[in-house]
Amino acid sequence: MRRLVLVVALLVSRTVMATDLPKRVGMFPTGGGAAFAMLDSTIDIAIRGPIVEATVTQTFRNDTDRATEATYIFPLPADAAVSAMAMTYGTRTIHAAIEKRADAQRRYEQAVANGVAAAVIEQERPDIFTQTVSAIPAHGSVTVTLRFDTVARYRGTTWELAVPLVVAPRFVPGTASGRPTTGVGRAPDTDRAPDASRVTPGGAPGAGGKTEMNLMFADAVVDVASPSHAITGAGRAWKLIDPKSDHDALVRWRATAPNAGWVEQDSDGGYAAIVVESGASLVRKAGAIRATIVLDRAATTRGDADAVMHPLVRALFESFTKDDRVAVAGSDTVATTSPADAARAIEAAWARPAGALDLTRALGAVKGDGASAIVLVSDGLVADDAAAIAAAQKLGVPVHVIGFGPSPNRSLLGAIATATGGTVRFASTADDLHGLAREVAIDAASPPVPFAVTWGALAASDVVPATLPRLGVGQAILVLARVKQAQRANARARSDVFAIETMPNPRVVDGATAPGGAIARRWARDRLDELLAKRDATATTAHALRYGLVSPYTTMVAIGTEVVVEGGVKHSTTVPVSVPAGMRWQEVQRQVHVDTETTLDKTKEPGDRVSKGERPVAKTPPAAEDTRNTRNHEPKKNRGDDEKGADRDGEADDSPRRPSPAPQPTSTLGGEATGGVMDVEIAQTSSYSRRLKIRLALGLGAGATRAAGATAGTLVVDGRLEVGYLTVGGLDVSLWFVDGIHAQGSVLASIARRGIARWFELGAGAGVHVTGNGFGPAGSLSLRIRPHLRGPGAYLRYDGALISNAGTKTGENTGTVGFEWTF
């Protein structure tokens with residue numbers, strides 16, 4: 001019997017350890033039906049030096065027989081400053097206003113209820129936005145125009161502009177929160193990614209619409225090329241097209257050396273910007289170094305991405321000297337050794353699938369000694385950005401990041417480098433991978449090169465970034481400041497002198513929420529990042545409203561004045577996106593899949609719009625710990641917060657509340673879908689009622705009973721009445737047949753906890769056990785495998801009792817394995 005108890009204990013311990021493993025969330029809905037289409041997107045881009053102003057035109061087409069609301073999750077550059085929006089339906093154009101997020105959402109919901117045309121854009125992450133458009137007429141279309149600003153990056157004599165075109169699938173760690181989801185994505189919100197449903201759009205290969213990108217350079221450029229797309233044009237005008245919007249668009253060119261600057265006049269003075277190049281040497285510092293390479297070989301890195309990653313990793317090992325010492329962590333583990341030995345070990349492991357990578361825990365497991373350099377090679381496709389950044393910071397050393405893949409998480413990878421004082425680079429098939437690897441090795445072996453900017457006669461103030469970040473070999477940064485008066489001048493950084501020229505007057509854009517020019521908007525966006533880092537919601541909101549910027553606290557909303565749909569819009573759907581080109585999506589699906597349960601409302605037709613409180617609820621059990629989203633750019637946002645900022649559990653929450661977009665499609669249950677978009681209606685069910693559903697379980701098991709030194713076979717028939725969802729209480733009644741003829745029984749009050757690991761449930765009970773010649777107190781421990789709350793399952797159970805009979809007490813121990821069905 002001791003062996004049986006040991007087996008139970010071992011299984012329980014393995015189950016507890018399995019709580020460290022995340023639930024995996026699926027991307028690709030199944031089923032059939034009519035999908036909503038985004039007809040196309042056009043991006044018109046104007047480039048002056050590194051300053052990029054883009055206008056995005058999105059056309060939403062409704063091929064159904066009724067007016068609808070559409071929701072589209074899409075990416076922008078991580079530093080995008082969104083400052084204008086206009087909505088056009090028919091011959092009418094509605095310009096947007098910038099408002100506090102909660103205020104904008106209330107006005108939008110009211111417009112939907114009234115059947116008025118409306119659109120709202122919300123920021124989910126620095127590089128992920130949600131566009132929701134309502135009252136799109138049957139067999140009609142609506143066009144939304146956005147303006148955003150970004151910055152081109154300098155890469156050793158070459159400028160590069162990266163424009164993401166699709167939000168790639170992300171590994172969502174943790175267990176579903178059990179609370180109403182906050183977005184329309186394919187993943188439930190989890191304890192470790194509280195906004196997962198807002199950053200995981202549903203999609204399928206080739207599901208995206210076409211994107212046409214037109215570029216116009218203000219200055220003369222040469223060697224215009226794109227390593228990602230076919231690009232055509234001449235002189236200053238160029239064009240590229242992505243028919244499925246399924247990977248990042250990269251454009252590179254050569255222009256004037258980066259020692260240049262610009263200044264523009266504004267109503268409150270002026271703004272100036274200069275480009276400062278790294279002073280880092282192209283020669284590595286002498287001496288041996290220790291380095292740890294964190295490799296990410298998850299499913300999202302396979303396919304075309306592996307054509308970059310594999311030779312890049314080889315080049316990285318070759319960039320170290322024979323005296324250096326290298327360790328490997330992440331998807332593969334190699335103890336500290338010579339670069340050549342580490343390379344051989346990784347080469348041998350490369351052919352074997354590495355499985356999903358929990359980047360946060362991989363970084364947390366790195367054994368930093370405060371001296372070793374860290375090099376992270378990853379696509380960054382995880383959903384718990386804040387935790388990954390925090391784990392990197394705890395290492396206490398710079399993390400030098402190399403990103404790759406068709407649609408990497410540039411926001412997260414850049415933030416890891418910035419937060420740790422490291423550098424970040426992104427690799428593509430057109431790059432000199434050996435040269436890039438050598439630059440990373442130089443950065444890892446050399447201390448940062450400090451620099452400061454002198455603004456001369458401009459009398460600059462409020463410089464951003466306030467703390468200048470580290471620049472790697474061949475890199476540059478745009479530094480901005482407010483000035484008393486816009487005028488031609490000279491600035492200086494190190495020994496370099498910058499001639500500052502005046503910018504032309506800003507052009508008028510429909511729906512602009514502030515009158516400032518491109519440099520003013522760029523300064524305001526960078527200043528917004530610094531306010532977010534200070535976690536000052538009041539100051540951040542005031543700044544975003546003043547400069548007309550979309551932020552985690554502010555939203556753009558455009559609302560018409562005429563009723564388009566009598567009785568309000570009652571139908572809602574989402575726009576599907578493509579799986580990134582070259583990604584092996586079947587493998588991705590297997591690594592990011594989780595089972596959830598939802599309740600479908602049979603009284604409504606698929607696609608009917610649900611109101612703010614009627615969000616679908618994933619019933620995967622949560623883990624015991626609720627890790628809050630602490631990333632500076634991502635204040636914690638919980639739906640259901642009251643007006644005072646307290647969430648449903650009573651915890652104070654000073655972050656902005658999540659607005660309510662369109663209803664979320666489920667990714668694992670019934671409904672209609674084509675091209676990856678679910679079109680289902682989720683019934684509203686209160687949190688209380690979900691957790692108090694009553695179920696009956698009937699089981700049959702077999703095992704052995706040991707009492708008074710003898711062991712006998714046992715057959716057990718078990719019935720259990722239970723109530724609850726995550727924590728389950730109940731009454732358990734068992735009938736035992738010991739040695740085939742001796743009847744016994746027990747009545748126990750039981751309690752169990754679901755979600756110990758994926759489908760596992762750990763339970764215990766206490767009550768009374770009755771035999772043919774006595775009775776006494778009894779207890780039980782159980783480990784159940786239950787894929788769903790209702791249906792088949794299996795269990796492993798231990799029962800112990802102390803039987804009193806004629807003044808004597810006898811211990812009885814029983815172990816059983818069985819099958820059960822829950823109704």
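Look up: the structure comes first, before these words.
Anyway, here's the lowdown on the structure attached to this text. (Residues numbered from 1 in each chain as written. Predicted model: local features only at pLDDT ≥ 70, side-chain atom pairs only at ≥ 80, totals over all residues. Heavy atoms only, no water.)

Within the protein chain, the regular secondary structure consists of 12 helices and 43 strands. Put simply, the protein chain has 823 residues, and 59% of those count as buried. The long-range fraction of contacts in the protein chain, counting pairs at least 24 apart against all pairs at least 6 apart in sequence, stands at 72%. Here the protein chain has roughly 31700 Å² of accessible surface; of this, 56% comes from carbon and sulfur atoms. (Helix = DSSP H or I, 4+ residues; strand = E, 2+ residues; numbered from the N terminus. Buried < 20%, exposed > 50% of the residue type's maximum accessible area, 1.4 Å probe, protein only. Contact = heavy atoms within 4.5 Å. Areas by Shrake-Rupley, 256 points an atom, 1.4 Å probe, with all protein chains shown as cover.)

Counted by the stated rule, this structure contains 46 salt bridges. Of the charged contacts in the structure, one is a salt bridge between Glu439 and Arg425, with a shortest N-O distance of 3.2 Å. One end of the pair, Glu439, is in helix 8 (residues 433-445); the other, Arg425, is in strand 25 (residues 424-426), with 14 residues separating them in the sequence. With a relative accessible area of 6%, Arg425 lands in the buried category. (Salt bridge = Lys/Arg side-chain N within 4 Å of Asp/Glu carboxyl O.)

Before going further, it helps to spend a moment on the packing of helix 9 (residues 518-533) against helix 10 (residues 537-546). It is the contact of helix 9 with helix 10, at a shortest axis distance of 9 Å, that shows an interaxial angle of 170°. The orientation of helix 9 relative to helix 10 falls into the category roughly antiparallel. Every residue of helix 10 that contacts helix 9 at Trp523, Ala524, Arg527, Leu528, Leu531 and Leu532 is listed here: Ala539, Thr540, His543 and Ala544. (Axes fitted to C-alpha atoms, helices over the stretch in contact; angles between N-to-C directions. Parallel < 35°, antiparallel > 145°, perpendicular 65-115°, else oblique.)

It is worth spelling out helix 6 (residues 385-394) at this point. Taken together, the buried positions of helix 6 are Asp385, Ala386, Ala388, Ile389, Ala391 and Ala392. Remark: Gly396 follows helix 6 within two positions and exhibits a positive phi of approximately 75°.

With that out of the way, let us pick up the sheet that holds strand 31 (residues 554-563). Taken in spatial order, the 6 strands of this open sheet run 6-31-7-8-3-32, and their pairing is mixed. At either margin of the open sheet sits one strand with a lone partner, and together these are strand 6 (97-100) and strand 32 (572-574). Ignoring which end each strand starts from, the neighbouring axes of this sheet average 25° apart. Strands in contact with helix 10 are strand 6 and strand 31; relative to strand 6, the strand with the most contacts, it is inclined by about 170°. (Pairing = 2+ DSSP bridges.)

Right, let's get into the packing of aromatic side chains. According to the stated counting rule, one finds 7 aromatic pairs in the structure shown. Residues Tyr154 and Trp159 carry aromatic rings whose centres are separated by 5.1 Å and whose planes lie at 65° to one another, so their mutual orientation is edge-to-face. Like Tyr154, the residue Trp159 is buried in the burial classification. When the centroid spacing of 5.4 Å and the interplanar angle of 50° are considered together, the rings of Tyr271 and Trp523 count as tilted. Note that Tyr271 is positioned in strand 19 (residues 269-277) and Trp523 in helix 9, a separation of 252 residues in sequence. Aromatic rings pair up to connect Phe60, Tyr72, Phe74 and Phe129 into one cluster. Lying over the aromatic face of Phe426, Arg410 brings its terminal NZ or CZ to 4.5 Å of the ring centre. Here the basic side chain of Arg784 rests over the ring of Tyr795, its NZ or CZ set 5.9 Å away from the ring centre. (Phe/Tyr/Trp six-rings, centres within 6.5 Å; stacked < 30°, edge-to-face > 60°. Lys NZ or Arg CZ within 6 Å of the ring centre and 35° of its normal.)

Taken together, 4 strands build an open sheet; the order of strands is 10-11-17-14 and the sheet is antiparallel. In this open sheet, the two edge strands, each paired with only one partner strand, are strand 10 (153-154) and strand 14 (222-225). Judged from the 2 bridges that link them, strand 10 and strand 11 (residues 159-163) form a sheet pairing that is antiparallel. Counterpart to Tyr154 in the pairing with strand 11 is Trp159.

Moving on to the nonpolar core. Ile45, Met85, Ile121, Leu215 and Trp253 are the most contacted members of the largest nonpolar core, which totals 88 residues. For this core, the element with the most residues is helix 9, which contributes 7 residues. Residues contacting Trp253, with those up to four places away along its chain left out, are Ile47, Gly49, Ala152, Thr158, Trp159, Glu160, Leu161, Phe217, Val221, Val222, Asp223 and Val224. Of all hydrophobic cores here, the second largest spans 31 residues; its members include Leu312, Val313, Trp350 and Val440. (Core = buried A, V, L, I, M, F, W, Y, C linked by side-chain atoms within 4.5 Å.)

So, about the pairing of strand 16 (residues 237-242). Here strand 16 shows a clear split, with Trp238, Leu240 and Asp242 buried on one side and none of Ala237, Lys239 and Ile241 buried on the other. In this structure, strand 13 (residues 210-217) lies alongside strand 16, joined through 6 bridges in antiparallel fashion. Counterpart to Met216 in the pairing with strand 16 is Ala237. Bridge count for strand 15 (residues 231-234) against strand 16 is 4 bridges, and the pairing is antiparallel.

Take unusual backbone geometry next. Note: most residues except glycine have negative phi, and most peptide bonds are trans. Cis geometry marks the peptide bond from Val464 to Pro465, where omega comes out at -5°. Checked against the element boundaries, Pro465 lands in the loop between strand 27 (461-464) and strand 28 (476-483). Phi at Asp223 takes a positive value of approximately 55°, unusual for a residue other than glycine. Relative to the helices and strands, Asp223 resides in strand 14. The class of Asp223 is exposed, set by a relative accessible area of 52%. Unlike most non-glycine residues, Ser245 shows phi in positive territory, near 50°. With relative accessibility at 8%, the residue Ser245 sits in the buried group.

Attention now goes to the pairing of strand 36 (residues 694-707). Pairing geometry for strand 36 and strand 37 (residues 710-724), over 14 bridges, is antiparallel. Each residue of the ladder has a partner; that of Ala697, found in strand 37, is Arg720. Counted along the chain from strand 36 to the antiparallel partner strand 37, the turn is 2 residues long, and its residue Ala708 has a positive phi close to 55°. Sheet topology places strand 36 next to strand 43 (residues 808-822); 11 bridges connect them, and they run antiparallel. Looking at the pairing, Ala707 lines up with Glu812 of strand 43.

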